[in-house]
Amino acid sequence: MKVLIVLTSHDQLGDTGQQTGFWLEEFAAPYYRLKDAGVEITLATPQGGQPPVDPKSREPDAMTDATRRFENDSQAQEALANTAHLADMHEADFDALFYPGGHGPLWDLHNNTNSIHLIEQFLAAGKPVASVCHAPAVLLRTNDSEGNPVVQGKKVTGFSNSEEAAVGLKDVVPYLLEDELKKLGGDYQKVDDWQPLAVEDGLLITGQNPQSSKEVADKLLKQLQ
């Protein structure tokens, strides 16, 4: 089994002067869930090389067993520092696609033509596409074979408006993911803030927040097996 994990290359949090990137838990938990199950993992980013880690995801209250394991795993750190270029990735080489969140994807992955093309190819080939927290933004400009939004009529989730408000970034982000998924006809699902929710509808697997990353990975593994 081979899974392509695609991370953001975007490191600026709007005009705040603060850093952003991917959320460490949303990468580490699925990475180890898949790796421990014997999955071969390839990492890619739009720009290649080291993707930016959101510094807030390294603060003590954001750390988990998976992130602590990563911080002590020189092999995983080296793999992350040397991600492939997204433009060089091909659907035929993998069995599934996974996108960790963090605020970065809102800026650089939702409209990345290489990412959009890959997702459309994976879905057309009957291969699952999973994303968590802010990463379901990668689906916003992705269409099915008939030209309809892939989320139209599908149960999906992603970082909620109330969670964005809770972290004080409702007026910083370029758009609110919950609103955008609904605008495209997605059947948006949510639970209370910071509670885990992983939603599976056909080949699409989405998670609401960082707390959902393990469940998303488990659903992806189940589809692969």
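All residue numbers here refer to positions counted from 1 along the written sequence of the relevant chain. Local features in this predicted model are restricted to residues of pLDDT 70 or higher, and side-chain atom pairs are both shown and tallied only at a pLDDT of 80 or more, whereas totals for entire chains, interfaces and linings draw on every residue. Hydrogen atoms and water are omitted, and side-chain values are computed over all heavy atoms in the structure.

(A) Quick look at the overall build of the chain. In this text, helices come from DSSP runs of H or I with a minimum length of four residues, and strands from runs of E with a minimum of two, each type numbered from the N-terminal end. Tallying secondary structure elements over the chain gives eight helices and nine strands in all. For the radius of gyration, the atoms used are the C-alpha atoms, and the globule rule reads 2.2 Å times the number of residues raised to 0.38. For 225 residues, the compact-globule formula gives about 17 Å, and the C-alpha radius of gyration of the chain, at 16 Å, lands near that figure. Pairs of residues are marked as contacts when any of their non-hydrogen atoms sit within 4.5 Å. Sequence-distant contacts in the chain: of pairs separated by 6 or more residues, those separated by 24 or more amount to 76%. Carbon and sulfur atoms make up 43% of the accessible area of the chain, which totals about 9,600 Å². Charge counting treats Lys and Arg as positive and Asp and Glu as negative, with His and both chain ends excluded. Lysine's charge is taken at NZ, arginine's at CZ, aspartate's at CG and glutamate's at CD. Here the chain carries 18 positive and 34 negative side-chain charges, and the mean point of each set is 4 Å from the other. Only the protein chains shown count as cover for residues, and the accessible areas themselves come from Shrake-Rupley with a 1.4 Å probe.

(B) Representation of the sheet that holds strand β4 (residues 96–99). DSSP-based pairing: two strands are paired if at least 2 bridges between them are found. With mixed pairing, the seven strands of this open sheet are ordered in space as β3-β2-β1-β4-β5-β9-β8. Strands at the two margins of the open sheet, each flanked by one partner only, are β3 (84–85) and β8 (198–201). Direction of pairing for β4 relative to strand β5 (residues 129–132): parallel, over a ladder of three bridges. Each residue of the ladder has a partner; that of Tyr 99, found in β5, is Ser 131.

(C) A look at the side chain of Glu 26. Mapped onto the fold, Glu 26 is located in helix α1 (residues 24–36). Although Glu 26 is buried, it makes no salt bridge; Lys 214 carries the closest opposite charge, 13 Å away. Here the side chain of Glu 26 touches Gly 101 through a polar contact of 2.8 Å, landing on its backbone nitrogen. Setting aside anything within four residues of it in sequence, one finds Glu 26 in contact with Phe 98, Pro 100, Gly 101, Gly 102, Val 132, Cys 133, Asn 209, Pro 210 and Ser 213. Exposure categories follow from relative accessible area, calculated using a 1.4 Å probe and restricted to protein chains: below 20% of the type maximum is buried, above 50% is exposed, and the middle band is partly exposed. The working definition used for a salt bridge is a side-chain nitrogen of Lys or Arg within 4 Å of a carboxyl oxygen of Asp or Glu. The term polar contact refers here to a pair of N or O atoms within 3.5 Å; inside protein, the definition further demands a hydrogen-donor-capable atom paired with an acceptor-capable atom, and it admits residues adjacent in sequence only when both atoms are side-chain atoms.

(D) Molecular detail of the pattern of salt bridges. Taken as a whole and assessed by the stated rule, the structure comprises eight salt bridges. The partner of Asp 65 in a salt bridge is Arg 68, and the shortest N-O contact between them spans 3.2 Å. In this pair, Asp 65 and Arg 68 are both assigned in helix α2 (residues 65–71), three residues apart and thus about one turn of the helix distant. Here Asp 201 ties to Lys 154 by a salt bridge, and the two come within 3.9 Å at their closest N and O atoms. Taken together, the residues Asp 201 in strand β8 and Lys 154 in the loop between β5 and β6 (155–156) connect sequence positions 47 residues apart. Assessed through its relative accessible area of 28%, Lys 154 is described here as partly exposed.

(E) Examining the side chain of His 103 more closely. Within the fold, His 103 resides in the loop between β4 and α4 (105–108). A polar contact is formed between the side chain of His 103 and the side chain of His 134, at a distance of 3.2 Å. Non-local contacts of His 103, meaning those with residues more than four positions away in its chain, are made with Leu 13, Thr 20, Gly 21, His 134, Glu 164, Leu 169 and Val 173.

(F) Quick peek at α1. The span expected for a helix works out to 1.5 Å for each residue beyond the first. The end-to-end C-alpha separation of α1 is 18 Å, in line with the 18 Å expected for 13 residues at 1.5 Å each. Counting buried residues along α1, ten of its 13 residues qualify, which places the element largely inside the surrounding structure. For α1, the set of buried residues is Leu 24, Glu 25, Glu 26, Phe 27, Ala 28, Ala 29, Pro 30, Tyr 31, Tyr 32 and Leu 34. Positioned one or two residues after α1, Gly 38 has a phi angle of 90°, which is positive.

(G) Seen up close, the packing of aromatic side chains. Note on aromatic pairs: the rings of Phe, Tyr and Trp (six-membered ring only in Trp) are paired at centre separations within 6.5 Å, and the planes decide the class, stacked below 30 degrees, edge-to-face beyond 60, tilted for the rest. In total, this model carries five aromatic pairs according to the counting rule given. Taking the centre distance of 5.1 Å and the plane angle of 35° together, the rings of Phe 27 and Tyr 31 count as tilted. Within this pair, Phe 27 and its partner Tyr 31 are both found in helix α1, separated by four residues, close to a single helical turn. Residues Phe 27 and Tyr 31 agree in their burial class; the two are buried.

(H) Examining the layout of surface pockets more closely. Using only the protein atoms, space was sampled on a 1 Å grid; points where a 1.4 Å probe fits but cannot get out form cavities, open sets with protein on both sides within 12 Å along at least five of seven lines form pockets, and lining residues are those with an atom within 4 Å of a point. Grid points are joined across faces, edges and corners, and a volume is the space filled by probe spheres set on the points. Considering only enclosed or pocket space, the largest pocket measures out at about 560 Å³ in volume. What lines the largest pocket is a set of 24 residues, among which Trp 23, Ala 62, Val 167, Trp 194 and Pro 210 lie closest to the centre. Among the secondary structure elements, those contributing two or more residues to the lining of the largest pocket are α1 and α8 (213–224). For the lining of the largest pocket, a count of residues per class yields ten nonpolar, seven polar and seven charged. Its volume calculated, the second largest pocket comes out at about 210 Å³. Three classes are used, and their members are as follows: Ala, Val, Leu, Ile, Met, Phe, Trp, Tyr, Cys and Pro are nonpolar, Asp, Glu, Lys and Arg are charged, and the others, Gly among them, are polar.

(I) Up close: the nonpolar core. Definition of nonpolar core: a set of buried residues of the types Ala, Val, Leu, Ile, Met, Phe, Trp, Tyr and Cys, connected through side-chain atoms within 4.5 Å. Core analysis: the biggest nonpolar cluster contains 32 residues, and Leu 4, Leu 97, Tyr 99, Ile 119, Val 129 and Leu 139 have the highest contact counts within it. Where this core is concerned, the elements lending two or more residues are β1 (2–6), β4, α5 (113–124) and α7 (177–183). The element that contributes the greatest number of residues to this core is α5, accounting for four residues. Contact partners of Tyr 99, with chain neighbours within four places excluded, come to Val 6, Leu 109, Ser 115, Ile 119, Val 129, Ala 130, Ser 131, Val 132, Ala 135 and Val 138. Counting 30 residues, the second largest nonpolar core, distinct from the first, contains Val 39, Phe 98, Ala 130 and Ala 198.

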